[in-house]
Amino acid sequence: MLAIEGLSKRFGGVQAVQRVDLQVRQNEILGLIGPNGSGKSTIVNLVTGVYAPTEGRVRLRARDITGWAPHRVLAAGIGRTFQSIRLFGGLTVWQNLWVARQAQAGAGRLRGWLAVDRAGMKRIEATLEFCRLLDRRDELARNLAFGEQRRLELARTLTADPEVVLLDEPAAGMNVAEIEELRDRILTLKQRGKTIVLIEHHMELVMEVAERVAVLNFGEKIAEGPPARVQDDERVREAYLGKRRD
Amino acid sequence: MTDLALDVVQQLLNGFLFGSSYALIGIGFTMIFGVMDKFNLAFGVTALAGAYTALLVLHLTQGPLALLFPVAVAAAGLVGLVVELVCFRWMPRDYPLAPLMATVGMLFFIDEVIVHGTHGRPMAFPAPMGEVMMDVGPWLLRGDLGFMFLVSLGVMGILWTLVYKTRLGLATRSVSQQPVAAQLCGISLVRVNAAVFVITGMIGGVAGVLIGSAVGALSPLLSLPLTVKGLVTAVLGGLGSIPGAIVGGLLLGIVEYEALYFFGIGYRDMVTYLLLFVFLVFRPGGLFGQTRH
Amino acid sequence: MSLLTLFGFRILLGLSAYVVILTGQISMAQAGFYALGAYTAATATAIWGWPIVPAILLGGLVGGLFGFLVGFPALRVRGLFLVIATLAFTEIVRMVFLNLKYTIRVGDRTIGPAAAEGFRGITYYYENGWSALQIMAFTWLFVLAVLAGFWLMDRSRAGAVLRAVGEDELAAASVGINLTAAKVAAMAAGGLVAGLAGALYAHYATYLSQEEFGALLATFAIAYPLVGGTGSVAGPIAGVLFFSLLIDGLRFLGDWRNLLFGVLIIAMMNLRPHGIIDVGLVRRLRALLHLRRERAYAGD
């Protein structure tokens, strides 16, 4: 589905991502883990066109989408959320999704801009319901509670109905109940046929939902496989716990 | 040497010397931007207010010309503090456009105070060195421009000592590099901001007097060009960089004088603005800045 | 009457800055577009002998075209840097008109832009015997058309898209917004409206001088929406009313009113940093309206 081939990114003297290969299969949940600064978010930013890679390719199905601008990557079918919440604070919850909807419905044509978009409104409503935000629809995004803002991030991404969803630390700052809700929501998305890349620090969540896990350290992929096997991998333990001295 | 070459060098000299006053104004803009990440559009008029106050005190007391500088410095420093209080400190923090607009209001206000006080007429400004001309080889050195350059150099020297040799300077530099970390280290942002506004105000006061005596008159019409030139200088040098502002000011002076010579008064400013536009679009970090943003 | 006409120019100018501000950018180029519209339309009627409506539209188109052109380099700059870059554009336009000479002689009169002497003889209204009322009505025709267009835009997806770009460019791009298109479109729309305003103004004023189109006019253009509020099209109108009523309403204060002017801007920004009509006020008003409607239903 989504293929990352030999992807590298260098910022000045820092090698943030180094020749990472990653295959995401259709309708799977791939966990992408690694310590802080290991290059997880950089990979998301490289795939979605926020940064251009120094080397390597990104392919969606057969199509090479390397270096495409973010709005084209979304149109091709890859949506993402942000690790640090980036909502349109001055717009209402409903407007946040409305903006996202425009990518699909005839953007660029005058009719698409001015006409009333009934199908879109239905879809927005359904998405709001899915993310339990329907009763907050007219609230300004900046006035939402933290957990609601996280849900709105996800809802906004889902509005455009991307095939592949990259979730960049969706559980950060959430409490136990909220994480459980998030887990159920991710599993529902899989049932609906989405392909999901879950970047997360919260191990329990990753181990519960992911079918495969890839581990990054210092910008390199050091392990890949089913969660249980990856958990026992020597190199992964080193990365998280530090090198053993003995 | 051909006449053309002689003239070009002459203009280069004049522009270089006059550019020192742009450098002072540019330093004001750039330092305030450095610590606050915001523009103070009332800075040009602060400098002008200092010069006007000095002129007023001079008229009232009939004192010596030497009085001009201390009075202008004190007055402009005070105006700087008022601007900081009214347009920045008491302003809500979440909306950067509000202080920008407030400084525009301040620009109008001070300008109108001047217009009101002088009935809108230009006032003659004493030019103590205006008559002095010196020969430097085949070229003329205008006394007032030479004086301007020396005084500016002195001010920059004092500023350098202040910024790099004192605790206040250290605090200022740390705030402009890492405001949050600086606060965590016990530096009071409020005090640093106030100090920067007073210091830049004082520099503006000196610049106001220098420009007044080089032009030979003060007029409220000077406030907009001063603002624009100050901004140009700060951008040329890279916002936030004091050495950048100095080089930017000198360069702007040279470009203006050469453009004046080659294209005439009507096109002088056009060259300046084209240069500015090109710089902003293709080298937004200024001459020395790294290209960020 | 002529005050109402003046309101018209100012509202158009304020709206032209407003549409750019929605994308989170402050443009000082509006004065330049205004000048381009004014000189173009005036040349069309006074020198080429065009009728008024196509001349005004041409002024708007030229403004829009330059908005489009400035939009591209402006993509590379943002925030305070864009303020200065666009200010430079306005000043460059002003310098061009300071040097532009393109005149014809009609009888003993010189008509057309005559460099520093300004553009004399824009006498279309006078020659066709328009009354002050007609001029006002003609101006407001354009103002209302633009207002209606902007109001619709604000309610349509386009308005939300522009606002989203203003809130967070990166997030906007990753929900599928083409940043280049949105920003250039906003700039072109702003240029078009400013060009229209200038074209109308030129015929009202009958004489143009480049001095009018400098940094001060550009500052006013952004001050209308900033002081009035950027929450809706009512914001720039409120801003124009605020400034115009101050300028004309405080006349009894004589010279002192100009002093008060600056103080009031500062006070406004302290008290209402998001403008007179901010998002909160719009929402409160809307809630109030809803309440009324619901009460009316309850009364049935």
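**Digging into empty space enclosed by the protein**
Turning to step 1, where the next piece is worked out: Tallied over the entire structure, the rule returns seven cavities of 30 Å³ or more.
Turning to step 2, where the next piece is worked out: If you add up the space inside the largest cavity, you get close to 210 Å³.
Turning to step 3, where the next piece is worked out: What lines the largest cavity is a set of 18 residues, and nearest its centre among them are Leu 41, Val 104 and Thr 227 of chain B together with Met 28 and Thr 219 of chain C.
Turning to step 4, where the next piece is worked out: For the lining of the largest cavity, the elements supplying multiple residues, two or more each, are helix H4 (97-118) and helix H9 (223-237) of chain B together with helix H4 (80-99) and helix H10 (215-228) of chain C.

**Here's the deal with the pattern of salt bridges**
Turning to step 1, where the next piece is worked out: Counted by the stated rule, this structure contains 25 salt bridges over all chains.
Turning to step 2, where the next piece is worked out: The salt bridge partner of Asp 64 of chain A is Arg 59 of chain A, with a shortest N-O separation of 3.8 Å.
Turning to step 3, where the next piece is worked out: Judged by relative accessible area, which is 25%, Arg 59 of chain A ranks as partly exposed.
Turning to step 4, where the next piece is worked out: For Asp 168 of chain C, the salt bridge is made with Arg 86 of chain A, and the minimal N-O distance between the two is 2.7 Å. Placement of the pair is Asp 168 of chain C in the loop between helix H7 (157-167) and helix H8 (169-174) and Arg 86 of chain A in the loop between strand S6 (78-80) and helix H3 (93-101), with the two residues belonging to separate chains.
Turning to step 5, where the next piece is worked out: Among the residues examined, Arg 86 of chain A registers a relative accessible area of 27% and is labelled partly exposed.
Turning to step 6, where the next piece is worked out: Linked through salt bridges whose partners overlap, the residues forming this network are Glu 5, Arg 57, Arg 59 and Asp 64 of chain A.

**A few points about the interface of chain C and chain B**
How large an interface is tends to be reported as the accessible area lost when its parts come together.
Turning to step 1, where the next piece is worked out: With 38 residues of chain C at the interface, the matching set in chain B holds 41 residues.
Turning to step 2, where the next piece is worked out: Carbon and sulfur atoms supply 82% of the area that chain C and chain B bury against each other, a total of about 3,800 Å² over both sides.
Turning to step 3, where the next piece is worked out: Between the two partners, chain C and chain B, sit zero residue pairs in polar contact (both at pLDDT 80 or more).
Turning to step 4, where the next piece is worked out: Looking at the side of chain C that touches chain B, the elements with two or more residues in it are H4, H10 and helix H12 (256-271) of chain C.
Turning to step 5, where the next piece is worked out: Considering every element that reaches the side of chain C that touches chain B, the biggest residue donor is H4 of chain C, with 13 residues.

**Concerning the domain arrangement of chain A**
Residue and element names in this part refer to chain A.
Turning to step 1, where the next piece is worked out: Per the domain assignment, the segments making up chain A are domain 1 (1-77 + 164-175 + 195-246) and domain 2 (84-161).
Turning to step 2, where the next piece is worked out: For domain 1 and domain 2, the distance between their C-alpha centroids amounts to 27 Å.
Turning to step 3, where the next piece is worked out: Buried surface at the junction of domain 1 and domain 2, both sides included, amounts to about 530 Å², of which 76% is carbon and sulfur.
Turning to step 4, where the next piece is worked out: On the domain 1 side of the contact with domain 2, Leu 74, Val 165 and Met 174 bury the most area, a combined 55% of that side's loss.
Turning to step 5, where the next piece is worked out: Remark: the boundary between domain 1 and domain 2 carries zero salt bridges.
Turning to step 6, where the next piece is worked out: Counting across the domain 1 and domain 2 interface gives one residue pair in polar contact (both at pLDDT 80 or more).
Turning to step 7, where the next piece is worked out: Classifying every residue of the side of domain 1 that touches domain 2 gives six nonpolar, one polar and one charged.

Rules behind the numbers
Residues numbered from 1 in each chain as written. Chains lettered and ligands numbered in written order. Predicted model: local features only at pLDDT ≥ 70, side-chain atom pairs only at ≥ 80, totals over all residues. Heavy atoms only, no water. 1 Å grid on protein atoms, 1.4 Å probe; cavity = no way out; pocket = protein on both sides within 12 Å on 5 of 7 lines; lining within 4 Å. Points joined across faces, edges and corners; volume = space filled by probe spheres on them. Helix = DSSP H or I, 4+ residues; strand = E, 2+ residues; numbered from the N terminus. Salt bridge = Lys/Arg side-chain N within 4 Å of Asp/Glu carboxyl O. Buried < 20%, exposed > 50% of the residue type's maximum accessible area, 1.4 Å probe, protein only. Contact = heavy atoms within 4.5 Å. Buried area = accessible area lost by both parts, 1.4 Å probe. Polar contact = N/O pair within 3.5 Å; in protein donor to acceptor, adjacent residues only side chain to side chain. Domains from an automatic or database assignment. Nonpolar A, V, L, I, M, F, W, Y, C, P; charged D, E, K, R; others polar.

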